[in-house]
Amino acid sequence: MQFMCLIYSAEGAGPQPDTPEWGPFMQGYVDFGKTVQDAGKFVAGDALQPVATATTVSVRDGKTETIDGPFAETKEVLGGYYLLDCTDLDEALKYAAMIPTAKHGRIEVRPVVVWDN
């Protein structure tokens, strides 16, 4: 079963580039990536550009509207994701807790819907 682990944190929270904490923080991501790859759980994952680069699209009455910025106005923003293939939710939660941002942000874990064709 696949689970999407959505990585949220407030911009500026946690270790920042050009600080002594940044290297170990990023090494945590390298180590996590190796852990889930070695365990055969990794399906996909990427970091996202900063929220200032987001554009939100909606269609109302046949007209496409775009707005600069994210859909939701919150302190915490989506910074990246992992798609993991786990046996159940408990296993997915175990791996989500290993994602370094869990220490200063939040990891939302959601099962992926599998559509039958």
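Our structure is the block above this text.
Cut-off values and rules
- Residues numbered from 1 in each chain as written.
- Predicted model: local features only at pLDDT ≥ 70, side-chain atom pairs only at ≥ 80, totals over all residues.
- Heavy atoms only, no water.
- Salt bridge = Lys/Arg side-chain N within 4 Å of Asp/Glu carboxyl O.
- Helix = DSSP H or I, 4+ residues; strand = E, 2+ residues; numbered from the N terminus.
- Buried < 20%, exposed > 50% of the residue type's maximum accessible area, 1.4 Å probe, protein only.
- Core = buried A, V, L, I, M, F, W, Y, C linked by side-chain atoms within 4.5 Å.
- Contact = heavy atoms within 4.5 Å.
- Pairing = 2+ DSSP bridges.
- Axes fitted to C-alpha atoms, helices over the stretch in contact; angles between N-to-C directions.

(A) The arrangement of the pattern of salt bridges in detail. Following the criterion strictly, the structure yields four salt bridges and no others. Between D38 and K34 there is a salt bridge whose closest N-O contact spans 2.6 Å. Taken together, the residues D38 and K34, both in helix 1 (residues 22–38) and four residues apart, mark about one turn of the helix. Each of the two residues, D38 as well as K34, counts as exposed.

(B) Up close: unusual backbone geometry. The residue D18 is not glycine, and still its phi comes out positive at about 65°. Tracing the sequence through the fold places D18 in the loop between strand 1 (2–10) and helix 1. Residues other than glycine seldom take positive phi values, yet D61 does so here, at roughly 50°. Positionally, D61 belongs in the loop between strand 3 (55–60) and strand 4 (63–68).

(C) Structural detail: the nonpolar core. With 16 residues, the main nonpolar core has C5, F32, Y82, L84, I99, I107 and V109 as its most contacted residues. Of all the secondary-structure elements, those providing two or more residues to this core are strand 1, helix 1, strand 5 (76–85), helix 2 (89–96) and strand 6 (106–111). By residue number, the principal contributor to this core is helix 1, which donates four residues. The residues contacting V109, other than those within four sequence positions of it, are F3, M4, C5, L89, A92, L93 and A96.

(D) Molecular detail of the sheet that holds strand 5. The antiparallel open sheet is built from four strands, whose spatial order is 2-5-1-6. Each edge of the open sheet carries a strand with a single partner, namely strand 2 (42–47) and strand 6. The mean angle between the axes of side-by-side strands here comes to 20°, regardless of whether they run parallel or antiparallel. Packing against the sheet, helix 1 makes contact with strand 1, strand 2 and strand 5, and its axis sits at approximately 25° to strand 5. Helix 2 contacts strand 1, strand 5 and strand 6 of the sheet and is inclined by roughly 155° relative to strand 6.

By themselves, these figures tell us nothing about what the structure is for.
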